[in-house]
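Spelled out from the first residue to the last, the chains are:
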Amino acid sequence: MRMYDIILKKRGGGELTPVEIGFFVDGYTSGEIPDYQASALMMAVYFRGMTEAETACLTMAMARSGDQVDLSSIPGVKADKHSTGGVGDKTTLIAAPVAAACGVPVAKMSGRGLGHTGGTVDKLESIPGLCTSMDRERFLEQVRRVGLCVAGQSGNLAPADKKLYALRDVTATVDSMPLIAASIMSKKIAAGSDAIVLDVKTGSGAFMKTEEQALALAREMVAIGENVGRRVTALITDMDMPLGHCIGNALEVMEAVEVLRGGGPEDLARVSLELAANMLHLAGKGELPACRALAREAISSGRALEKLCQMAAAQGGDARVLEDFSLFPKAALCREVLAEQSGYLAAVDTEACGTASVLLGAGREKKGDAVDHAAGIVMLKKPGDRVEKGEALARLYTSCEERFAQGRERYLKALTFAEEPPAPRELILARVGRDGTERPE
Ligand code: URA
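Values in this document were obtained by computation on a predicted structure and should not be read as measured data.

> Describe in detail the sheet that holds strand β12 (residues 415–418), supporting the description with residues and values.
Strands sit in the order β10-β8-β12 across an open sheet of 3 strands; the sheet is antiparallel. Each having just a single partner strand, β10 (386–387) and β12 make up the two edges of the open sheet. For strand β8 (residues 343–348) and β12, the ladder comprises 4 bridges, and the chain directions are antiparallel. When the sheet's bridge partners are listed, Ala347 is paired in β12 with Thr416.

> Help me get a handle on the nonpolar core, residues and values and all.
Core analysis: the biggest nonpolar cluster contains 89 residues, and Val98, Ile127, Leu322 and Ile377 have the highest contact counts within it. Looking at which element gives the most residues to this core, the answer is helix α12 (residues 266–282), with 10 residues. Beyond its immediate chain neighbours, meaning those up to four positions away, Val98 contacts Leu260, Ala276, Ala295, Ala298, Ile299 and Ala304. Counting 28 residues, the second-largest nonpolar core is a separate cluster that includes Val200, Leu215, Leu217 and Val232.

> Describe the pattern of salt bridges, with residues and values.
Counted by the stated rule, this structure contains 28 salt bridges. Salt-bridge contacts for Arg320 lead to Asp318; the nearest nitrogen and oxygen are separated by 2.8 Å. A salt bridge links Glu401 to Arg335, with the nearest nitrogen and oxygen atoms 2.7 Å apart. A residue pair is termed long-range when its members are at least 10 positions apart, and Glu401 in helix α16 (residues 401–413) and Arg335 in strand β7 (residues 333–338) qualify at 66 residues. The exposure class of Arg335 is partly exposed, given its relative accessible area of 32%. Here the salt bridges share partners, and the residues they tie into one network are Asp89, Asp199 and Lys201.

> Summarise the pairing of strand β4 (residues 195–202); cite the residues concerned and give the values.
Extensive coverage of β4 is indicated by the burial of 8 of its 8 residues. Along β4, one buried face is formed by Ala195, Val197, Asp199 and Lys201 and the opposite face, lined by Ile196, Leu198, Val200 and Thr202, is buried too. Pairing analysis gives 5 bridges linking strand β1 (residues 79–83) to β4, with the strands arranged parallel. Looking across to β4, one finds that Lys81 is bridged to Val197. In this structure, β4 lies alongside strand β5 (residues 231–238), joined through 8 bridges in parallel fashion.

Calculation rules
- Residues numbered from 1 in each chain as written.
- Predicted model: local features only at pLDDT ≥ 70, side-chain atom pairs only at ≥ 80, totals over all residues.
- Heavy atoms only, no water.
- Pairing = 2+ DSSP bridges.
- Helix = DSSP H or I, 4+ residues; strand = E, 2+ residues; numbered from the N terminus.
- Core = buried A, V, L, I, M, F, W, Y, C linked by side-chain atoms within 4.5 Å.
- Buried < 20%, exposed > 50% of the residue type's maximum accessible area, 1.4 Å probe, protein only.
- Contact = heavy atoms within 4.5 Å.
- Salt bridge = Lys/Arg side-chain N within 4 Å of Asp/Glu carboxyl O.

As structure tokens, this is what we get:
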């Protein structure tokens with residue numbers, strides 16, 4: 001079998017067989033198939049797509065490309081969550097400690113930033129000393145002791161995804177439905193949790209720009225997980241504007257802590273609590289309304305914040321920063337961006353906001369680049385807000401003038417003003433489970 005023929009077949013729109021998919025995944029993981037051939041196949045899949053059977057087969061080949069975590073030594077139903085990627089999406093930092101504080105062990109593997117979107121591992125690493133890379137024994141021991149661990153994709157967990165994720169990030173092949181489905185579900189299956197809640201984003205800041213695409217991705221991921229015996233629910237949530245006000249690693253951790261203290265932006269709190277309630281529901285803690293009440297109580301009692309602090313300390317982090325934000329790393333430069341006109345902020349190109357944050361230093365431009373944990377954006381105005389000329393629209397945090405100029409230019413271009421406020425948008429659009437799709441009441 002030759003990789004060349006597999007690329008050619010997919011380029012022509014053919015359906016790959018399980019043997020061909022296995023040949024590619026094994027060969028790429030072992031290093032026998034080079035990056036340039038894998039990139040060519042990724043681009044062919046991007047344009048030609050994959051059938052459901054091919055996607056399921058790719059997922060399982062990737063899940064089996066390395067170790068599979070056995071969580072059976074930890075009592076209870078273990079829960080996990082994963083987002084398809086967004087801007088300002090810090091929901092893991094809220095939903096995971098809430099679920100853990102309600103007695104559901106959370107053993108989560110998270111990723112780094114991808115394209116214009118942020119990643120939980122980069123956000124957590126803005127807590128000084130916090131380590132997200134650990135061996136299996138330490139990971140399991142922490143879940144057993146603290147009930148919560150959020151780690152990076154460990155050495156040999158779905159290594160095929162680890163390599164493909166980094167390759168797709170720099171070859172413009174991220175926003176492909178079968179590639180996202182296989183990437184997410186391979187890690188989730190290999191990571192071993194019984195209950196998986198997926199946050200499938202849709203809108204200008206998401207990889208799936210339309211609700212229809214997001215629903216198709218959600219249904220495919222739910223089917224893949226349920227077919228291998230996992231309980232999976234997907235929420236379709238809005239990413240037509242950044243979630244909350246903060247974009248960038250340390251800024252997002254602080255905003256998540258605000259929600260765990262019972263405050264913070266309403267949109268962020270609502271999506272995070274709904275994700276947590278669905279984790280509790282899948283883990284058998286009751287019907288959804290009861291699980292929502294449990295999640296709210298975990299916040300009002302302070303137990304969820306306490307859980308995040310315990311997790312940070314267990315991973316070697318200085319948990320004092322979660323109480324005293326002045327201990328977070330500081331950006332060298334902090335400047336406001338002022339409105340050049342009056343009107344209503346009607347819309348933001350959320351992907352461009354994410355890119356502005358990357359330009360400020362919060363993300364990577366090349367594989368392996370270091371991120372500036374203090375860099376990012378605080379949106380002082382969001383769509384629907386009235387703005388007067390000269391008023392501050394946002395605060396940008398970065399390391400130097402050049403980055404500030406690039407970030408400012410991209411940010412301003414992302415904004416659209418109008419005479420009238422925009423129509424409000426639904427935040428949670430649908431819930432997809434094994435029994436079908438429900439719309440919120
Ligand atoms: N998140 C992932 O883990 N993989 C993708 O491909 C996109 C988002």
